[in-house]
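Reading the structure
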Amino acid sequence: MTLVVDVRHRLGAFSLDVSFESEGRLTALFGRSGSGKTSIVNLVAGLMRPDEGRIAVDGTVLVDTGRGIAVPRHRRRIGYVFQEGRLFPHLSVRRNLLYGRWFSTVREKRIAVDQVVELLGLGHLLARGPAALSGGEKQRVAIGRALLSDPRLLLMDEPLASLDEQRKAEILPYIERLRDEMGIPVLYVSHAIAEVARLASTVVLLAEGRVLAVGAPADVLSGSEIVPIVGPGEVGAVLDARVAALDVSFGLTSLETRAGPLTVPRVAAGIGSAVRVFIRASDVMLARQRPEGISALNVLPARVVALAEESRTVVDVALDCGGQRLLARITRRSAMAMQLAPGTPLFAIIKSVALEDGGRPQRG
Amino acid sequence: MLGLTEEELTAVRLSLRVALWATAASLPFGMLAALVLARGRFWGKSILNGIVHLPLILPPVVTGYVLLLLFGRKGPIGAFLAEQFDIVFAFRWTGAVLACAVMGFPLMVRAMRLSIEAVDQRLEQAAGTLGAHPIWVFLTVTLPLSIPGIIAGMVLCFAKAMGEFGATITFVSNIPGETQTLPSAIYTFTQVPGGDAGALRLTVISVVVSMGALLLSELMARQAERRLAAA
């Protein structure tokens, strides 16, 4: 699947001028609120028409202002999962799910109702009305409804934003399964870095209506462009890893990464499967000698690549761990005391507990 | 029944028939007007709104007279309809239906417009992304969600039609058995000596029918709302 977006649009004082292409299975639009993420999704869905530009999915042109093409939204076959669900209050869950099915012109349904009901765990909800659902259940029904309209692309606009942490954790595995099993490409809007690190195969970084970077999560989310977007406390590095061993008695998982072995808590993935871990810079400690008798399970040999003074107190240290980029945030006083400079060899210490939410299954 | 005379019964029956037809005839146009006014964005919308509301603020006699000018036997529309389709309004019960429909129209549109405006447009957008053509969006989302207001609009129109007097009597006169509706009959009774008893009986019926319609609409609207809330 190829998604081509190349549009310019003015909305009052805000101007959107973006151009990107993605072939990823899950393309994440990542940026702060007001960066134009939702506008892009609305343009793709046909809820807004761009002043100028072109949008195409898999060679099918949806909008091309130059050629006067603007496919109406009901003929685009773009599924849209809204932030607030938008279930039809007068229809049961079953009829909400089947709504798009009535209008689908595709004879051979690629997606079976039973498959979606099973995938999203909706079996016991079918007879209920939307008012009787929890926030997480509503979002799952909204995802199912969009899937069953047989879309060529699924848009998800911060589907987890209105949910608490527990509900988010409940839905994320469903989104991963849908990404891996349904064969429908997803355009996913989020401003949560851990979510994007975990889900995305391609990240489009946005700020003030412009594209700052496009690429693999490991590159984009660890790059310096990210700092003004996520704020200084949230920067970090994305590590691609493979599950090497499971330690059931302690509830731990050993991962293989380019940086070396990494022990993390309870990853819900089998041995050999690929996962992605996001390590926040503030969760990384540095030591000149290999520490002994320490509680942290992960001690990785590293080399300083660069130092960036973020303020009078804080320094971000870019590290190279066997070819893997890592970021550590330490005080300026520590950096001076340790006499850090580019090339200094040292050890990066990462508490396994800090990775509690970092490593989740990710295939391919 | 209630000791009504044949003449009085005829007036009641005629009034019910006229009011039902007037409501039914207004319904499609009323819904269209409500939808256009609620959702449309076009030049001249306030003019259309004004025209729809005109019968509400004009003296009913004026409305009746305009109808007479337009739909009378010699009126431009009346003559055309009579020639081409053999439809005659002047001094017929159908004319009473037309007068009542026109007078009830603004009340109907108002109630429907408010309820359509109250439907969350984001739901309509969602239906669109699921492949529903705008007509289907209206039929499967907007319409079911605005049912309480549509019922209210129909009842208001019906009640107005039951009580319409000025425009009807101006347009189609007061012919017993043809155009003498309940209010016209009451008026006639008050104009003749010894008519008080008849006027009172018809007044009671008038009150009962209007109250009944109002209660029924309350009930239906509440049921529809409960269904929505439970959903």
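Numbering of residues starts from 1 in each chain and follows the order in which that chain's sequence is written. Ligands are numbered from 1 and chains lettered from A, in the order in which they are written. The predicted origin of the model limits local features to residues at a pLDDT of at least 70 and limits the giving and counting of side-chain atom pairs to 80 or more, whereas totals for whole chains, interfaces and linings rest on all residues.

What follows concerns the overall build of chain B. A run of H or I in DSSP counts as a helix once it spans at least four residues, and a run of E counts as a strand once it spans at least two, with each numbered from the N terminus. Helices and strands together make up the secondary structure of chain B, namely eleven helices and zero strands. The linear arrangement of helices and strands in chain B, starting from the amino end, is α-α-α-α-α-α-α-α-α-α-α. In terms of overall dimensions, chain B has C-alpha extents of about 65 × 45 × 30 Å along its principal axes. Each residue is classed by its C-beta neighbour count within 10 Å, where at least 20 other C-beta atoms makes it buried, 12 or fewer makes it exposed, and intermediate counts make it partly exposed; the C-beta atoms are placed from backbone geometry. The 231 residues of chain B split such that 42% are buried. Across chain B, every contact between residues at least 6 apart in sequence was considered, and the portion connecting residues at least 24 apart equals 76%. In this description, a residue-residue contact is defined by the distance between C-beta atoms placed from the backbone, which must lie within 7 Å.

Right, let's talk about the overall build of chain A for a bit. Check the secondary structure of chain A and you find nine helices and 21 strands. Atoms counted for the radius of gyration: C-alpha only. Globule rule: 2.2 Å times residue count to the power 0.38. Taken over C-alpha atoms, the radius of gyration comes to 22 Å for chain A, in line with the 21 Å a tight globule of 364 residues would show. Within the span of chain A, comprising 364 residues, buried residues form 42% of the whole. Look at the contacts in chain A between residues 6 or more apart in sequence, and 68% of them connect residues 24 or more apart.

This paragraph deals with the sheet that holds strand β18 (residues 314-321) of chain A. All names here are of chain A. In this analysis, strands are considered paired if DSSP registers two or more bridges between them. Strand order in the open sheet formed by five strands is β16-β20-β17-β18-β19, with antiparallel pairing between adjacent strands. Either end of the sheet is taken by a strand with one partner, and the two such strands are β16 (284-287) and β19 (324-331). Between one strand and the next, the sheet's axes are offset by a mean angle of 45 degrees, whatever the strand orientation. By the bridge criterion, eight bridges tie β18 to β19 in an arrangement that is antiparallel. Note on geometry: axes are lines fitted to C-alpha atoms, helical ones only across the stretch in contact, with angles between N-to-C directions running from 0 to 180 degrees.

What follows deals with the interface of chain B and chain A. Between chain B and chain A, the contact holds 18 residues from the first and 23 residues from the second. Elements that contribute at least two residues to the side of chain B that touches chain A include exactly α6 (121-129), α7 (134-145) and α11 (196-230) of chain B. The element that contributes the greatest number of residues to the side of chain B that touches chain A is α6 of chain B, accounting for six residues. Under the convention adopted here, Pro, Cys and the residues Ala, Val, Leu, Ile, Met, Phe, Trp and Tyr are nonpolar, Asp, Glu, Lys and Arg are charged, and Gly plus all remaining residues are polar. Across the side of chain B that touches chain A, the residue classes break down as twelve nonpolar, five polar and one charged.

The next point concerns the confidence of the model for chain B. Overall, the prediction assigns chain B a mean pLDDT of 89, with 97% of residues at 70 or greater. Reported confidence for the predicted complex is 0.77 by ipTM and 0.78 by pTM. For every residue, the pLDDT score states the predictor's confidence, bounded by 0 at the bottom and 100 at the top.

All names here are of chain A. In this structure, strand β17 (residues 298-309) lies alongside β18, joined through six bridges in antiparallel fashion. Across the sheet, the residue bridging to glutamate 309 is valine 315, located in β18. Count of turn residues in the β17/β18 antiparallel hairpin: four residues. Connecting β18 to the next strand, β19, in antiparallel fashion are two residues, including glycine 322 with a positive phi near 55 degrees.

Next up on the list: the confidence of the model for chain A. All names here are of chain A. Overall, the predicted model of chain A reaches an average pLDDT of 85, with 94% of residues at or above 70. Looking across chain A, the model is least confident in strand β21 (residues 360-361), with a mean pLDDT of 40, and most confident in strand β4 (residues 52-57), with 94. For the stretch residues 357-364, pLDDT sits under 50, and the model shows 31 contacts to residues farther than four places along the chain or on other chains.

Below, the discussion takes up the environment of aspartate 17 of chain A. Residue and element names in this part refer to chain A. Along the chain, aspartate 17 falls in strand β2 (residues 14-22). C-alpha separation for the pair aspartate 17 and glutamate 208, spaced 191 residues apart in sequence, amounts to 9.2 Å. Those residues within four positions of aspartate 17 in sequence are excluded, and the remaining contacts are Arg8, Gly209 and Arg210.

Here we come to the pairing of strand β13 (residues 252-257) of chain A. Residue and element names in this part refer to chain A. Burial along β13 is one-sided: Thr253, Leu255 and Thr257 are buried, and none of Leu252, Ser254 and Glu256, which face the opposite way, are. Where strand β12 (residues 236-247) folds back on β13, the antiparallel hairpin that results is connected by four residues, among which glycine 251 adopts a positive phi of roughly 65 degrees. Note that β13 and strand β14 (residues 260-265) share six bridges and pair antiparallel. Counted as the bridge partner of threonine 257 is glycine 260 from β14. Once β13 ends, the chain turns through two residues before running back antiparallel as β14.

Residue and element names in this part refer to chain B. Two numbers describe how helix α3 (residues 60-71) lies on helix α5 (residues 93-117): the axes approach to 11 Å, and their chain directions differ by 130 degrees. In terms of axis orientation, α3 runs oblique to α5. Once α3 is placed against α5, the crossing between them reads as right-handed. Of the residues in α5, those touching α3 at Pro60, Thr63, Gly64, Leu67 and Phe71 are Leu98, Ala99, Val102 and Met103. In terms of residue class, the contact of α3 with α5 is made up of seven nonpolar, two polar and no charged. Working rule for angles: under 35 degrees goes down as roughly parallel, over 145 as roughly antiparallel, 65 to 115 as roughly perpendicular, anything else as oblique. For any helix crossing, the convention is left-handed if the near helix is rotated counterclockwise from the far helix by under a right angle, and right-handed if that rotation is clockwise.

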